[in-house]
Amino acid sequence: MTGSTPLPPGDGGRPWAPMPGLALVASDLDGTLLDPEGRLSRRTRSALDAVRSRGVEVVAVTGRPPRWLETLAADLGPGLAICANGALVWDLATGRVVEAEVLAPDQVDEILRRALEVVPRLRAAVETVHGWRGVEPSSATDERAAVAQLLADGTGATKLLLRDPDFSCDQLLALVRAAVGDLGEPTHSGGERGLVEISAPRVSKAATLARLTAERGIPVESVAAFGDMPNDVEMLTWAGRSWAMADGHDAAIAAADHLAPPNAEDGVAQVLETLLR
């Protein structure tokens, strides 16, 4: 395409090559498929249309809750989106949650108890199938009691969010991961300083994507994945071929097979144009 940014070499200096067996494209949204303003550019939309015209399925795989996809549903096109780091599967056409894996209230409480032992000033909130529930910032109430009250109706959490701005996201993730053990799946998606998201055990973007592709009879070798943050690492490692954005987190870059140009340069679109060539 005239005026395109030159494509960087792939991992180990190997140039990108067409992917004749491509059956499914899985892409993170923020920092990856969407531009820095959170929009789907014209070029990226055209690339997704071209992919679909070849019979290739496109799945958005994001840390966002479904309500943050409503304005993007028409641009993303028909199909399913994997939300909340794998905890939810959302039908873009109907706007309905079709699958959910949640942390039960007692699991949330135990995870929070362990996390507070190592980071006492943590503030917590929960995402549920029905939306976000947060503790009032001015509340002096015990954090565990406040979160228990948020889930007093028995609703499970798709994500437990823990925040302490005195730490970077990487620092807080390391502390929480060591404290939580196998009770949940901590990760982060960058953004706000000192923010960690915890899903139910064994829930990740990769796990849900693997289940969906298996149901469709799509082999992992036919999946191309794109991401930029630690919550994309498992997906980038699992996929047949994977790309981290050139301006992404070091963990994502280390996990991916190749580098894509930055999202501000329509990096995913550039790669897809080459794969279909």
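Residues numbered from 1 in each chain as written. Predicted model: local features only at pLDDT ≥ 70, side-chain atom pairs only at ≥ 80, totals over all residues. Heavy atoms only, no water.

> Describe the packing of helix 4 (residues 105–118) against helix 6 (residues 169–180), naming the residues involved and giving the relevant values.
Close contact between helix 4 and helix 6 brings their axes to 9 Å; oriented N to C, the two are set at 125°. Considered as vectors, helix 4 and helix 6 are oriented oblique to each other. In this structure, helix 4 meets helix 6 at a crossing whose hand is right-handed. From helix 4, I111, R114, A115 and V118 reach across to helix 6, where they touch L175, A179 and V180. Per-class residue counts for the contact of helix 4 with helix 6 are six nonpolar, no polar and one charged. (Axes fitted to C-alpha atoms, helices over the stretch in contact; angles between N-to-C directions. Helix = DSSP H or I, 4+ residues; strand = E, 2+ residues; numbered from the N terminus. Parallel < 35°, antiparallel > 145°, perpendicular 65-115°, else oblique. Left-handed = near helix turned anticlockwise from the far one by under 90°. Contact = heavy atoms within 4.5 Å. Nonpolar A, V, L, I, M, F, W, Y, C, P; charged D, E, K, R; others polar.)

> An account of the pattern of salt bridges is needed here, citing residue identities and associated values.
Using the criterion set out here, one finds 19 salt bridges in the structure. A salt bridge links E37 to R39; its shortest N-O distance comes to 3.5 Å. For E37, a relative accessible area of 56% gives the class exposed. Salt bridges linked by common partners bring E110, R113, R114 and E117 together as one network. (Salt bridge = Lys/Arg side-chain N within 4 Å of Asp/Glu carboxyl O. Buried < 20%, exposed > 50% of the residue type's maximum accessible area, 1.4 Å probe, protein only.)

> Quick rundown of unusual backbone geometry? Include the residues and the values.
If you check the backbone angles, A84 has positive phi at about 55° while not being a glycine. Structurally, A84 can be placed in the loop between strand 3 (80–83) and strand 4 (88–91). Positive phi outside glycine occurs at N85, with the angle close to 60°. Position of N85 relative to the elements: it lies in the loop between strand 3 and strand 4.

> Account for the packing of aromatic side chains, with residues named and values stated.
Summed over all chains, the structure comprises one aromatic pair. Seen in terms of ring centroids, F226 and W243 are 5.3 Å apart; in terms of plane orientation they differ by 15°. Their pairing is stacked. Remark: W243 occurs in strand 12 (residues 241–245) and F226 occurs in strand 11 (residues 223–227); sequence separation between them is 17 residues. Judged by relative accessible area, F226 falls into the buried class, the value being 0%. Under the relative-accessibility criterion, W243 is labelled buried at 0%. (Phe/Tyr/Trp six-rings, centres within 6.5 Å; stacked < 30°, edge-to-face > 60°.)

> Mind laying out helix 4, listing which residues take part and the relevant values?
In this model, helix 4 (14 residues) spans 21 Å end to end at C-alpha, consistent with the 20 Å of a helix rising 1.5 Å per residue. Within helix 4, the full set of buried residues consists of V108, I111, L112, A115 and L116. Buried residues in helix 4, looked at end-on, bunch into an arc of 130°, giving them a common side. Residues of helix 4 that are exposed and angled more than 90 degrees away from the buried face: D106 and E117. Elements that come into contact with the buried residues of helix 4 comprise strand 6 (123–128), helix 5 (143–150), strand 8 (159–163), helix 6 and strand 10 (195–199). (Expected span 1.5 Å × (residues − 1). Arc of directions from axis to C-beta.)

> Can you lay out the nonpolar core for me, pointing to particular residues and giving the numbers?
Core analysis: the biggest nonpolar cluster contains 61 residues, and V108, V126, L160, L162, I198, F226 and L272 have the highest contact counts within it. The residues touching V108, leaving out its near neighbours within four places in the chain, are L103, V126, V147, L151, A157 and L160. The next biggest cluster of nonpolar side chains, apart from the first, holds 20 residues, and it includes A26, A206, V223 and A256. (Core = buried A, V, L, I, M, F, W, Y, C linked by side-chain atoms within 4.5 Å.)

> I'd like to hear about the pairing of strand 5 (residues 96–100), residue by residue, with values.
The pairing of strand 4 with strand 5 spans four bridges and is antiparallel. Looking at the pairing, W90 lines up with V97 of strand 5. Counted between consecutive antiparallel strands, the loop separating strand 4 from strand 5 contains four residues, among which G95 sits at a positive phi close to 70°. (Pairing = 2+ DSSP bridges.)

> Go over the sheet that holds strand 1 (residues 24–27), please, and point to the residues and values.
Here eight strands make up an open sheet; going across it, the order is 5-4-3-2-1-11-12-13 and the pairing mixed. Lying at the two open borders of the sheet, with one neighbouring strand each, are strand 5 and strand 13 (258–260). Taken over all neighbouring pairs, the strand axes of this sheet differ in orientation by 25° on average, direction set aside. As defined by bridge partners, strand 2 (residues 57–61) adjoins strand 3 across two bridges and the pair is classed as parallel. In the sheet register, V61 faces strand 3, and the bridge partner there is I82. Across the sheet, helix 7 (residues 205–216) touches strand 1, strand 2, strand 3, strand 4, strand 5 and strand 11, and the angle it forms with strand 3 is around 155°. Its contacts with the sheet place helix 10 (residues 267–275) against strand 1, strand 11, strand 12 and strand 13, and it is angled at close to 150° to strand 12.

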